Amino acid sequence: MWYPSKGEVTYRMDDRVSVDIPGSGSYDSLLFAAKNSKLLAFQRSREEGLELERNSEKICTVAEGISAYFNSLSYGLSNDGMNYSGYPVIGNHSDMMSSGGCLDSKEDALATACPWDSRIHGQFFHQTTFTIPLRNVKAFISDIQSLVKIEPKALCGLDLYNGVLIRYVQPSFAYLGIEFEGMEFEFTYYRSRDPLMPRMYEDFFEEIEQMGLFKYEGLPHWGKNRNVAFINAIDKYQDAAFFLMMKQMFDPLGLFSSKWTDAVLGLGGDLTVDTEGCALEGLCICSKDVHCSPTNGYFCRPGKIYKAARVCAHL
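Residues numbered from 1 in each chain as written. Predicted model: local features only at pLDDT ≥ 70, side-chain atom pairs only at ≥ 80, totals over all residues. Heavy atoms only, no water.

The protein chain goes by L-gulonolactone oxidase in an unreviewed UniProt entry, where it is assigned to Camelina sativa. Quoted verbatim from the Catalytic activity (unreviewed entry) field of the UniProt record, the comment on the protein chain reads "L-gulono-1,4-lactone + O2 = L-ascorbate + H2O2 + H(+)". Under the UniProt heading Sequence similarities (unreviewed entry), the note attached to the protein chain is "Belongs to the oxygen-dependent FAD-linked oxidoreductase family." (UniProt positions renumbered as here; feature names shortened; annotations may be inferred.)

Q: Can you explain the UniProt feature "domain: L-gulonolactone oxidase 2-like C-terminal" (unreviewed entry) in the protein chain? Please cite residues and give values.
A: On the UniProt side, "domain: L-gulonolactone oxidase 2-like C-terminal" (unreviewed entry) is annotated at positions that read residues 276-314 here. For residues 276-314, the helix share is 0%, the strand share is 26%, and the end-to-end C-alpha distance is 16 Å. (Helix = DSSP H or I, 4+ residues; strand = E, 2+ residues; numbered from the N terminus.)

Q: Report on the nonpolar core, specifying residues and quantitative values.
A: Counting residues in each nonpolar core, the largest one holds 41 residues, and the members touching the most others are F140, I144, L155, F185, F187, I208 and M211. The dominant element in this core, judged by the number of residues it contributes, is helix α2 (residues 56-72), at six residues. If sequence neighbours within four positions are ignored, M211 has contacts with F140, D143, I144, L147, Y216 and Y306. (Core = buried A, V, L, I, M, F, W, Y, C linked by side-chain atoms within 4.5 Å. Buried < 20%, exposed > 50% of the residue type's maximum accessible area, 1.4 Å probe, protein only. Contact = heavy atoms within 4.5 Å.)

Q: Which residues make up helix α6 (residues 202-215), and what values go with them?
A: Note on helix geometry: an α-helix contains 3.6 residues per turn, so any two residues three or four positions apart are oriented the same way. If you check α6, its first and last C-alpha atoms are 19 Å apart, about what 14 residues at 1.5 Å a residue would give, namely 20 Å. Within α6, 12 of the 14 residues are buried, which leaves the element mostly enclosed by the surrounding structure. Those residues of α6 that sit buried are E202, D203, F204, F205, E206, E207, I208, E209, Q210, M211, G212 and L213. (Expected span 1.5 Å × (residues − 1).)

Below, the structure is given as structure tokens:
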């Protein structure tokens, strides 16, 4: 987990050990645990209020507390399935590499809920996730650090969601798999429930998104992204034609297809639109001011570091 605004990283080291070594450790990520519904609603309302006030200093303060809380509880690791007493945590792979207490949470008339449960006023966020070739990782990280130097508080919002999650990735032989040794970067950040309401420091997040996907040759995660991540994405895969051939062979009637998957795979339909405010939800990369929110002071401008980017900047 990388916290760009704090200049800190938390590393998780995983090692295989013999099955003869005792241990009943487990991992139940705090991010995916059921929580008090009223607390979740309060946290979301607070985040909305701070966004509306453009109170970045307070967001940084709240984020500092959240990351410290997660660290104090070891992110959900336990040595015996219940309690954490220190490292190393040793357990079966099936218990250590799984996470998500929400799956087994009790039915209690929504006294508790998963943070993203649509039945409560809880979390609502965007995710941008892509894998960058190792040769480009250092320059990408350096560019993000340069953005932070321009405005140190700009990326504190990431820390509300436990920072940037980074994974090391090996090449895959799957037709639409990662084709190189790389690092996957996952950004989770605030999303307004009003699709025409811009976000504080929106331009910073959009520039990072476009840098990773276009400047540094990132391959998009097929599930965790906004529409703009899939622009010409299919052309980045050397075996895409084989995938489409297999798709036609096994599903000639398109039973498992939709307008969305056709657009993502370049088979028809539009990934982007040319409408008022389309850049706010990642439905387009802005090319004119109306794609942003001029009435709220957001205009389409070049990126601060990556000048080829087009982002909605607050002026």
